[in-house]
Amino acid sequence: MAPGDTTMLVASVLPADFAELGRQVQEIEKAGIERIQWDVMDGVFVPNLTFGPDVIRSCRDRAGIGFEAHLMVADPDPLLPLWIDAGCEIVIVHAETCRHLHRTLGRIRELGARSGVALNPATPLQAVEHVLDLTDLLLVMTVNPGFGGQAYLSGMEPKIAAARAEIDRRGLDVELEVDGGIGPDTIGAAARAGARVFCTGSALFRGPGTMADRAAAMRAAARGGIA
Ligand code: DX5
């Protein structure tokens, strides 16, 4: 990140070659990406199944950058400690899956991690207005969760803008992250709406040039959206 640059790229490992995950984690770090998102899916909350904490743990020592666990699971509470033990510094739960979201976010922090809450496209910002002070990261989904390579939902931009306005109005230290369909052609609009952290999978792993080239192009487009 260049000095004064408030944007951050987060790499989703969903498009990675799972047979070469350790090497791919190192490649992400070498490309200058600040954080990795582990898309945890249980086949119940979303129609896809990915990996558990042991896979994350096996990659922890391959890179020095941060790990965030994006829990797309029907019941995140029982396994919360495992993601932190596996090396995730941020644990993101979906508002739609927590019967007691206030308690869950507080427990993530008690366990020593930073808390995050994600909103599906159909879930209004109001679902988290009473817990924004308990969360360190708000993840606005710009696709319906479950799969990489989907089209960016520009209809989420008013929600991103409302989230930005609310965070700034209350002076909260909450990262505003977007996830889904983020690439060079969409990151500018998401940044203009107010996002500053961008989770990207397909556009980072595939496309012209190297991963570092693709990351640089997205950073430039994000800065262009803010300017
Ligand atoms: C959806 C996943 C994806 C992934 C990013 O459940 O969360 O959004 O992280 O995938 P791309 O960048 O390919 O949309």
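Located above this text is the structure these notes cover.
In this report, the structure presented in the accompanying data block is examined.

What about the pairing of strand β3 (residues 66-72)?
Counting buried positions along β3 yields seven of seven residues, so the element is predominantly enclosed. Neither face of β3 is open: one carries Gly 66, Glu 68, His 70 and Met 72, the other Phe 67, Ala 69 and Leu 71, and all of them are buried. Bridge count between strand β2 (residues 35-41) and β3: seven bridges; the pairing is parallel. Bridge pairing in β3 links Gln 37 to Glu 68. Regarding the hand of the β-α-β motif, the stretch spanning β2, helix α2 (residues 53-60) and β3 is right-handed. As defined by bridge partners, β3 adjoins strand β4 (residues 90-94) across four bridges and the pair is classed as parallel. When the sheet's bridge partners are listed, Glu 68 is paired in β4 with Ile 90.

A word on the nonpolar core
Counting 64 residues, the largest nonpolar core has Ile 28, Trp 38, Leu 71, Leu 101, Val 128, Leu 138 and Phe 198 as the members making the most contacts within it. In contact with Ile 28, not counting residues within four places along its chain, are Ala 11, Val 13, Ile 33, Ile 36, Ile 65, Phe 205 and Met 211. Judged by nonpolar contacts, the second largest core, of seven residues, contains Ala 118, Leu 139, Met 141 and Val 143.

A closer look at the site of the ligand
The environment of the ligand is formed by 20 residues, the closest being Gly 146, Asp 179, Gly 181, Gly 201 and Ser 202. Between the ligand and the protein, one listed contact pairs an oxygen atom with a backbone N or O atom of Gly 201 at 2.7 Å. If the ligand stood free it would expose 370 Å²; the protein chains cover 99% of that surface. If you map the ligand onto the pockets, it falls in the largest pocket. Breaking the shell around the ligand down by element, the ones donating at least two residues are β2, β3 and β8 (197-200). With three residues, β2 is the single largest residue contributor to the shell around the ligand. The residue makeup of the shell around the ligand, split by class, is seven nonpolar, eleven polar and two charged.

Describing the pattern of salt bridges
Side-chain pairing between opposite charges can occur once the charged atoms of the two side chains come close. Under the counting rule described, the total for this entry stands at 13 salt bridges. A salt bridge links Asp 54 to Arg 57; the shortest N-O distance between them is 2.7 Å. In this pair, Asp 54 and Arg 57 both sit in helix α2, three residues apart, roughly one turn of the helix. For Arg 57, a relative accessible area of 37% puts it in the partly exposed group. In this structure, the salt-bridge partner of Arg 114 is Glu 175, at a minimum N-O distance of 3.0 Å. Highlighted residues: Arg 114 in strand β5 (residues 114-119) and Glu 175 in strand β7 (residues 175-179), separated in sequence by 61 residues. Taking the relative accessible area as the measure of exposure, Glu 175 reaches 18% and is therefore buried. Each of the salt bridges in this network shares a partner with another, and the network as a whole consists of Arg 35, Glu 68, Glu 89, Arg 114, Glu 175 and Glu 177.

What to know about the layout of surface pockets
In this structure, the largest pocket occupies an estimated 250 Å³ of space. Gly 148, Gly 149, Asp 179, Gly 180 and Gly 181 are the residues nearest the centre of the largest pocket, which is lined by 25 residues in total. Among the secondary structure elements, those contributing two or more residues to the lining of the largest pocket are β2, β3, β8 and α7 (202-205). At three residues, β2 tops the list of elements feeding residues into the lining of the largest pocket. Residue classes in the lining of the largest pocket are distributed as eleven nonpolar, twelve polar and two charged.

Some points on helix α8 (residues 211-226)
Given 3.6 residues per turn, any residue in an α-helix points the same way as the ones three and four places further on. Under the 1.5 Å per step criterion, the end-to-end length of α8 is 23 Å for 16 residues, consistent within 8% with the ideal 22 Å. Within the span of α8, buried status applies to Met 211, Arg 214, Ala 215, Met 218, Arg 219, Ala 222 and Gly 225. In an axial view of α8, the angular spread of the buried residues amounts to 135°, which keeps them on one side of the axis. On its buried face, α8 is in contact with β1 (8-12), α1 (21-30), α6 (187-193), β8 and α7.

Focus: the pairing of strand β6 (residues 137-141)
Counted residue by residue, β6 has five buried out of five residues, so it is predominantly covered. Here β6 shows no split at all, with Leu 137, Leu 139 and Met 141 on one side and Leu 138 and Val 140 on the other all buried. Here β5 pairs with β6 via four bridges, running parallel. Bridging from a neighbouring strand, Gly 116 pairs with Leu 137 of β6. In the sheet, β6 pairs with β7 via five bridges, with the strands oriented parallel. What sits directly across from Met 141, in β7, is Asp 179. Taken together, β6, helix α5 (residues 157-170) and β7 constitute a β-α-β crossover, and its handedness is right-handed.

About the cut-offs
- Residues numbered from 1 in each chain as written.
- Predicted model: local features only at pLDDT ≥ 70, side-chain atom pairs only at ≥ 80, totals over all residues.
- Heavy atoms only, no water.
- Buried < 20%, exposed > 50% of the residue type's maximum accessible area, 1.4 Å probe, protein only.
- Helix = DSSP H or I, 4+ residues; strand = E, 2+ residues; numbered from the N terminus.
- Pairing = 2+ DSSP bridges.
- Right-handed = clockwise from strand over helix to strand, strands pointing away.
- Core = buried A, V, L, I, M, F, W, Y, C linked by side-chain atoms within 4.5 Å.
- Contact = heavy atoms within 4.5 Å.
- Near = heavy atom within 4 Å.
- Polar contact = N/O pair within 3.5 Å; in protein donor to acceptor, adjacent residues only side chain to side chain.
- Areas by Shrake-Rupley, 256 points an atom, 1.4 Å probe, with all protein chains shown as cover.
- 1 Å grid on protein atoms, 1.4 Å probe; cavity = no way out; pocket = protein on both sides within 12 Å on 5 of 7 lines; lining within 4 Å.
- Sits in = over half its atoms within 2 Å of the grid points.
- Nonpolar A, V, L, I, M, F, W, Y, C, P; charged D, E, K, R; others polar.
- Salt bridge = Lys/Arg side-chain N within 4 Å of Asp/Glu carboxyl O.
- Points joined across faces, edges and corners; volume = space filled by probe spheres on them.
- Expected span 1.5 Å × (residues − 1).
- Arc of directions from axis to C-beta.

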